[in-house]
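Analysis of the macromolecular model
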Amino acid sequence: MRIGVFDSGYGGLTILKALHSELPDYDFVYLGDNARAPYGTRSFDVVYEYTLEAVKCLMERGCDLVVLACNTASAKALRSIQQNDLPQLGSEKRVLGVVRPTVEVIGQYTKSRKVGILATEGTVASRSYSIEIGKLAPDVEVYEQACPMWVPLIENNERDNEGADYFIRKYTSELMSRCADIDTVVLGCTHYPIIKRRIEECLPPTVRVVEQGGIVARSLKDYLRRHGEMDARCARNGQMEFLTTESEEKFRKAAADFVGIEIKQIKAISL
């Protein structure tokens, strides 16, 4: 059994890189639905439909454990898939997300108990972070800021121009204008670590910027430790296979540019 990792585009590669670093012996299959990215502005029903197609695709390729390395998919589709579809897909199969692991540890980062979330429109509209943090750390105040232009700029390799600078300043300023006491900002989209340094430059130096890769990787490692039957089934050849719904060459170049991952096995598919 290989571990499946899904994202709407390239952002999930930041999660995959952390997973491979934490679990270097394990085999992974990454699927990027690049042809239909971004998901952030799409409706709940469409995100659910696309995500379910991707999950089924990975499971057909031997991935009985799938990580949704996409905040929008985790926020809009994960619970429905877990509750409605997994019983039909197989009792031994599991789908995990990135929101819950982040929420479980965020209380350890903030001292002011004021947390900002930078995310896509879809994730913000779902209120997933506010709801889940409210359950686990009810004393933490959450301020969510949608950043609709960031993913298109990153996906189209426009992240280094003046337009990107404008939108990075715009959304970070809007977030901090709502609460000057925010001391922790979560990058609630797996694309955003690619522009983390520039986000930090636009925030007060007292604000800690938290990305999800290491958090999700440690959470998955702990999950496998606690579920020995699943861990025992995992292939351990240190291999990674990549699938994309877009051009193979475009995906290979983007992976190298964004996160420095060398692509050896890549295949273009349709969902």
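Residues numbered from 1 in each chain as written. Predicted model: local features only at pLDDT ≥ 70, side-chain atom pairs only at ≥ 80, totals over all residues. Heavy atoms only, no water.

Brief notes about the sheet that holds strand β4 (residues 94-96)
Strand order in the open sheet formed by six strands is β4-β3-β1-β2-β9-β10, and the pairing between neighbours is parallel. Strands at the two margins of the open sheet, each flanked by one partner only, are β4 and β10 (265-268). Across the sheet, the mean angle from the axis of one strand to that of its neighbour is 20 degrees, orientation sign disregarded. Note that strand β1 (residues 3-7) and strand β2 (residues 28-32) share five bridges and pair parallel. Pairing of F6 across the sheet is with L31, part of β2. Each of β3 (65-68) and β4 is contacted by helix α4 (residues 78-89), which is oriented at about 170 degrees to β4, the strand it contacts most. Seen against the sheet, helix α11 (residues 213-226) touches β1, β3 and β4 and runs at an angle of roughly 160 degrees to β3. (Pairing = 2+ DSSP bridges. Helix = DSSP H or I, 4+ residues; strand = E, 2+ residues; numbered from the N terminus. Axes fitted to C-alpha atoms, helices over the stretch in contact; angles between N-to-C directions. Contact = heavy atoms within 4.5 Å.)

What to know about the pairing of strand β5 (residues 114-119)
Counted residue by residue, β5 has six buried out of six residues, so it is predominantly covered. In β5, alternate side chains face the same way, and those of K114, G116 and L118 on one face and V115, I117 and A119 on the other are all buried. The sheet contact formed by β5 and strand β6 (residues 141-146) spans six bridges and is parallel. Paired with V115 across the bridge in β6 is V142. Looking at chain direction, β5 and strand β7 (residues 184-187) are connected through four bridges and run parallel. From the neighbouring strand, I117 faces β7, where its bridge partner is V186. (Buried < 20%, exposed > 50% of the residue type's maximum accessible area, 1.4 Å probe, protein only.)

Comments concerning the nonpolar core
One finds L13, Y192, L224 and F242 to be the most contacted residues of the largest nonpolar core, which totals 56 residues. Not counting residues up to four positions away in its chain, the partners in contact with F242 are L13, L16, Y30, F251, I261, E262, I263, Q265, I266 and K267. (Core = buried A, V, L, I, M, F, W, Y, C linked by side-chain atoms within 4.5 Å.)

Here's the deal with the side chain of D183
Checked against the element boundaries, D183 lands in the loop between α9 (162-178) and β7. Notably, D183 is buried but unbridged: the nearest opposite-charge side chain belongs to K111, and the N-O separation is 7.3 Å. Leaving out residues up to four positions away in the same chain, D183 has contacts with T110, K111, S112, K114, T206, V207 and R208. (Lys, Arg positive; Asp, Glu negative; His and termini not counted. Salt bridge = Lys/Arg side-chain N within 4 Å of Asp/Glu carboxyl O.)

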